[in-house]
Amino acid sequence: MCSDKKNEFMQEAIRLSIENVTSGNGGPFGAVIVKDGKIIARGANGVTSTNDPTAHAEVVAIRNACAALGSFQLDGCEIYTSCEPCPMCLGAIYWARPDKMYFANTKKDAADIQFDDQFIYEELELPYQNRKLETVQMMREEAIEAFKIWSKSINKIEY
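Since the model is a prediction, treat every value here as computed from it, not as a measurement.

Q: For this particular structure, what's the right way to read the pairing of strand β4 (residues 100-105)?
A: Along any regular strand the residues' side chains alternate between the sheet's two faces. Relative to β4, strand β3 (residues 77-83) runs parallel, the two sharing 5 bridges. Bridge pairing links C83 to N105 in β4. Regarding topology, helix α4 (residues 87-96) serves as the crossover connection from β3 to the parallel β4, and that connection is right-handed.

Structure representation (structure tokens):
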């Protein structure tokens with residue numbers, strides 16, 4: 001794909017991020033998902049406007065793209081995001097399996113305006129018992145039953 005098209009897609013993600021701030025709908029983040037040289041989905045940060053802490057631009061765009069494609073994977077797609085993804089969005093992007101990701105602002109740029117995810121990166125490195133969020137494992141023996149059934153199922157759709 002030519003760099004002019006790539007610039008056009010990134011410009012749309014950036015436009016969404018700016019529009020999101022000026023409209024008062026949420027944080028300065030936008031994302032688009034492209035397949036076969038066309039934008040198939042858009043997303044903007046809607047955390048505060050929807051009261052949904054997972055409504056980050058990338059997650060919204062992934063949800064919209066998967067709905068449009070009728071698939072839980074984004075094979076053959078690219079994601080353009082106005083900022084380097086946070087840990088949640090990066091995880092969602094990996095699970096969605098697009099072919100490529102492009103980003104504009106860096107996570108340091110985001111941290112400089114108080115969107116700092118460094119503490120999450122640090123927390124992920126710790127054993128769950130040492131994290132700031134009190135975390136207690138319980139009822140593993142009962143819960144493992146679902147895993148046993150899954151591993152034996154002939155009807156499962158692997159992902």
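Picking up after the structure, the text goes on.
Q: Explain unusual backbone geometry here, please?
A: Phi at D36 takes a positive value of approximately 50°, unusual for a residue other than glycine. With respect to the element layout, D36 can be found in the loop between β1 (30-35) and β2 (38-44). Located in the positive-phi region is N51, a residue other than glycine, with phi close to 55°. Here N51 is to be found in the loop between α2 (47-50) and α3 (57-69). Judged by relative accessible area, which is 72%, N51 ranks as exposed.

Q: Where do I start with the packing of α3 against α4 in this structure?
A: When two helices pack together, their arrangement is given by the angle between the helix axes and the distance between those axes. Interaxial distance between α3 and α4 falls to 8 Å at its minimum, and their mutual angle equals 25°. Here α3 is positioned roughly parallel relative to α4, judged by the angle of their axes. With respect to the hand of their crossing, α3 and α4 are arranged in left-handed fashion. Residues E58, V59 and I62 of α3 form the contact with α4, whose participating residues are M88, C89, A92, I93 and A96.

Q: Sorry if this is basic, but what is going on with a nonpolar patch on the surface here?
A: Taken together, F72, W95, W150, I157 and Y159 make up a surface patch of nonpolar side chains, about 660 Å² in accessible area. Overall, the relative accessible area of 40% leaves W150 in the partly exposed class.

Q: I'm lost on the sheet that holds β1 in this one. Help?
A: Strand pairs in the sheet, formed through backbone hydrogen bonds, run parallel or antiparallel to each other. Strand order across the open sheet formed by 4 strands is β2-β1-β3-β4, with mixed pairing between neighbours. For this open sheet the edge positions go to β2 and β4, each flanked by a neighbour on one side alone. Ignoring strand direction, the axes of neighbouring strands in this sheet form an average angle of 15°. As judged from the 6 bridges shared by β1 and β2, these two strands associate in the antiparallel manner. Following the sheet pairing, G30 is matched in β2 by A44.

Scoring rules and cut-offs
Residues numbered from 1 in each chain as written. Predicted model: local features only at pLDDT ≥ 70, side-chain atom pairs only at ≥ 80, totals over all residues. Heavy atoms only, no water. Pairing = 2+ DSSP bridges. Helix = DSSP H or I, 4+ residues; strand = E, 2+ residues; numbered from the N terminus. Right-handed = clockwise from strand over helix to strand, strands pointing away. Buried < 20%, exposed > 50% of the residue type's maximum accessible area, 1.4 Å probe, protein only. Axes fitted to C-alpha atoms, helices over the stretch in contact; angles between N-to-C directions. Parallel < 35°, antiparallel > 145°, perpendicular 65-115°, else oblique. Left-handed = near helix turned anticlockwise from the far one by under 90°. Contact = heavy atoms within 4.5 Å. Patch = residues over 30% accessible without salt bridge, like charges linked within 9 Å, V, L, I, M, F, W, Y side chains within 5 Å. Areas by Shrake-Rupley, 256 points an atom, 1.4 Å probe, with all protein chains shown as cover. Salt bridge = Lys/Arg side-chain N within 4 Å of Asp/Glu carboxyl O.

Just distances and angles here, no functional claims.
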